[in-house]
Amino acid sequence: MARPTIWIPRRLSDATLERAQATYECVINWEDGLSSADDIVAMSAQVDGIIPCHSELFTAEVAARLDPRLKIIANHSVGVDHCDLPALRSRGIAVTNTPDVLSDATAEIAMLLMLGAARRAVEGDRLVRTGAWNFWSPSFMVGKQVTGARLGIIGMGRVGRAFADKARGFGMDIHYYNRTRLNPDQEQGATYCDSIESLLPVADFLSLHCPSTPETEGLMNAQRFDQLPDGAVFVNTARGALVDETAMLGALETGKLSAAGLDCFASEPGGNPEFADRENIFMLPHIGSATRKTRDAMGFRALDNLDAFFRGDVPKDLL
Ligand code: DGY
């Protein structure tokens, strides 16, 4: 049987590309640029499968125009908010993602953002880097201590739990909201809150780890920021769509939030230009899963799903 043809629209890790080419006829976008809706639609007539990232948008409009040749979208991401799942399913296209393998890398970035925001990393780095550091005092650059503080986690899936594990190492007192309560083994002493409203008042630090769906869009709005303790630190490594960014800026302005650490933005790539001159926002360009080990694991997981599909099995991560 002829080898299936797949399209790889982004520059995946070398090990992933090597394995993909050993198994499939591959069309690889070596330039690594973004593909438009028209590019995606045109390519769908030439391939049996695609390994996209969250940067390739499979909206309902794109799904309706895809060629029937395309059978599977094996995402190289855990988040699938770039895919209109009902629309793709209605076209008979299988969709998979890459859970588990990026939980630790993403939790590490959440930790970095939490510490960097709490201890004023942007401001401190700027002072030293620009030669403007000409003063020291016990009252200089005083931040917020993580050790022993209460951490609120919204979304206690794999990434949320990996982050909670790391935060326990810092002696944090973990509280969480999840649609369903975890079993005691997974909870590991964390306190369950049965609503976001009951979590927020105890979250000296708040970190988002839930998926972006139509139901969670704008989940952190002005009213919810207002329910946090004064001077809380807010961390988002999940998706920008979860946050009303204007409301977040308002909370930073009033001191309701003392700082924020963000790896995700409502508009990507690029982020929010209004954040640029705020030194109490520590920002990274959506690199939660960007380690060599994790990129290989994500690529291999996407290929495992493709392999299963073309063998006639149900892929492990079929959505
Ligand atoms: C994910 O896997 O969802 C990450 O955000 C990278 O795309």
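Basis of the calculations
Residues numbered from 1 in each chain as written. Predicted model: local features only at pLDDT ≥ 70, side-chain atom pairs only at ≥ 80, totals over all residues. Heavy atoms only, no water. Near = heavy atom within 4 Å. Polar contact = N/O pair within 3.5 Å; in protein donor to acceptor, adjacent residues only side chain to side chain. Areas by Shrake-Rupley, 256 points an atom, 1.4 Å probe, with all protein chains shown as cover. Core = buried A, V, L, I, M, F, W, Y, C linked by side-chain atoms within 4.5 Å. Buried < 20%, exposed > 50% of the residue type's maximum accessible area, 1.4 Å probe, protein only. Helix = DSSP H or I, 4+ residues; strand = E, 2+ residues; numbered from the N terminus. Contact = heavy atoms within 4.5 Å. Axes fitted to C-alpha atoms, helices over the stretch in contact; angles between N-to-C directions. Parallel < 35°, antiparallel > 145°, perpendicular 65-115°, else oblique. Left-handed = near helix turned anticlockwise from the far one by under 90°. Nonpolar A, V, L, I, M, F, W, Y, C, P; charged D, E, K, R; others polar. Salt bridge = Lys/Arg side-chain N within 4 Å of Asp/Glu carboxyl O. Domains from an automatic or database assignment. Buried area = accessible area lost by both parts, 1.4 Å probe. Right-handed = clockwise from strand over helix to strand, strands pointing away. Pairing = 2+ DSSP bridges. Phe/Tyr/Trp six-rings, centres within 6.5 Å; stacked < 30°, edge-to-face > 60°.

Thoughts on the site of the ligand
Link 1 in the chain: Near the ligand you find His54, Ser77, Val78, Gly79, Leu102, Arg239, His286, Ser289 and Met298, and these make up its full shell.
Link 2 in the chain: Val78 places a polar main-chain atom, nitrogen or oxygen, 2.7 Å from an oxygen atom of the ligand.
Link 3 in the chain: Note that an oxygen atom of the ligand is positioned 2.8 Å from one of the backbone N or O atoms of Gly79.
Link 4 in the chain: Compared with its free state, where it exposes 230 Å², the ligand has 89% of that area covered by protein.

What about the nonpolar core?
Link 1 in the chain: Counting residues in hydrophobic clusters, the biggest one holds 30 residues, and the most contacted among them are Ile154, Met220, Phe225, Phe234 and Met248.
Link 2 in the chain: Taken together, the elements giving at least two residues each to this core come down to α9 (196-199), β9 (205-208), β10 (232-236), α11 (245-254) and β11 (257-262).
Link 3 in the chain: Those residues in contact with Phe225 that sit more than four places away from it in its chain are Met220, Phe234, Val243, Asp244, Ala247, Met248, Ala251, Lys256 and Leu257.
Link 4 in the chain: Counting residues in each nonpolar core, the second largest holds 28 residues, with Ala118, Ala149, Phe163 and Ile174 among its members.

Observations regarding the packing of helix α5 (residues 103-118) against helix α7 (residues 158-168)
Link 1 in the chain: Closest axis-to-axis distance for the α5/α7 pair is 8 Å, and the angle between their directions is 55 degrees. The angle between α5 and α7 places the two elements in the oblique class. Every pair of crossing elements has a handedness; the one defined by α5 and α7 is right-handed. Between α5, through Ser103, Asp104, Thr106, Ala107, Glu108, Ala110, Met111 and Met114, and α7, the contact on the second element is made entirely by Arg158, Val159, Ala162, Phe163, Lys166 and Ala167.
Link 2 in the chain: Its residues assigned to classes, the contact of α5 with α7 comprises 8 nonpolar, 2 polar and 4 charged.

Here we look at the pattern of salt bridges
Link 1 in the chain: Inspection of the entire model under this criterion finds 25 salt bridges.
Link 2 in the chain: A salt bridge links Asp204 to Arg150, with the nearest nitrogen and oxygen atoms 2.9 Å apart. Of this pair, Asp204 sits in the loop between α9 and β9 while Arg150 sits in strand β6 (residues 150-154), and the two are 54 residues apart along the sequence.
Link 3 in the chain: With a shortest N-O distance of 2.8 Å, Arg181 and Glu187 are connected by a salt bridge.

Notes on the domain arrangement of the chain
Reports often express the size of an interface as the amount of accessible area lost when the parts come together.
Link 1 in the chain: As far as domains go, the chain holds domain 1 (5-101 + 292-310) and domain 2 (103-283).
Link 2 in the chain: Domain 1 puts 7 residues into the contact, and the matching count from domain 2 is 6 residues.
Link 3 in the chain: Counting each side, the surface lost to burial between domain 1 and domain 2 is near 580 Å², with a carbon and sulfur contribution of 43%.
Link 4 in the chain: At the junction of domain 1 with domain 2, the criterion picks out 2 salt bridges.
Link 5 in the chain: Residue Asp100 is joined to Arg158 by a salt bridge in which the shortest nitrogen-to-oxygen separation is 2.5 Å.
Link 6 in the chain: Seen at the junction of domain 1 and domain 2, the total is 3 residue pairs in polar contact (both at pLDDT 80 or more).

Quick notes on the pairing of β11
Link 1 in the chain: Most of β11 sits out of view: 5 of its 6 residues are buried.
Link 2 in the chain: With α11 bridging β10 and its parallel neighbour β11, the resulting β-α-β unit is right-handed.
Link 3 in the chain: Pairing of β11 with strand β12 (residues 281-283) involves 3 bridges; the strand directions are parallel. Across the sheet, the residue bridging to Leu262 is Met283, located in β12.

With respect to the packing of aromatic side chains
Link 1 in the chain: All chains considered together, the criterion is met by 6 aromatic pairs.
Link 2 in the chain: Centroid distance Tyr176 to Tyr192: 5.2 Å. Interplanar angle 50 degrees. Geometry classified as tilted. Placement of Tyr176 in strand β7 (residues 173-177) and of Tyr192 in strand β8 (residues 191-193) is noted, with a sequence separation of 16 residues between them.
Link 3 in the chain: The interplanar angle of 85 degrees and the centroid separation of 5.3 Å between the aromatic rings of Phe309 and Phe310 together place this pair among those described as edge-to-face.
Link 4 in the chain: Taking relative accessible area as the criterion, Phe310 reaches 24% and is therefore assigned partly exposed.

Topic: the environment of Glu61
Link 1 in the chain: By secondary structure assignment, the location of Glu61 is in helix α3 (residues 60-65).
Link 2 in the chain: Take Glu61: its relative accessible area is 44%, and that puts it in the partly exposed class.
Link 3 in the chain: Distance in space between the C-alpha atoms of Glu61 and Ala87 is 8.5 Å, their sequence separation being 26 residues.
Link 4 in the chain: A polar contact is formed between the side chain of Glu61 and the side chain of Arg65, at a distance of 3.1 Å.

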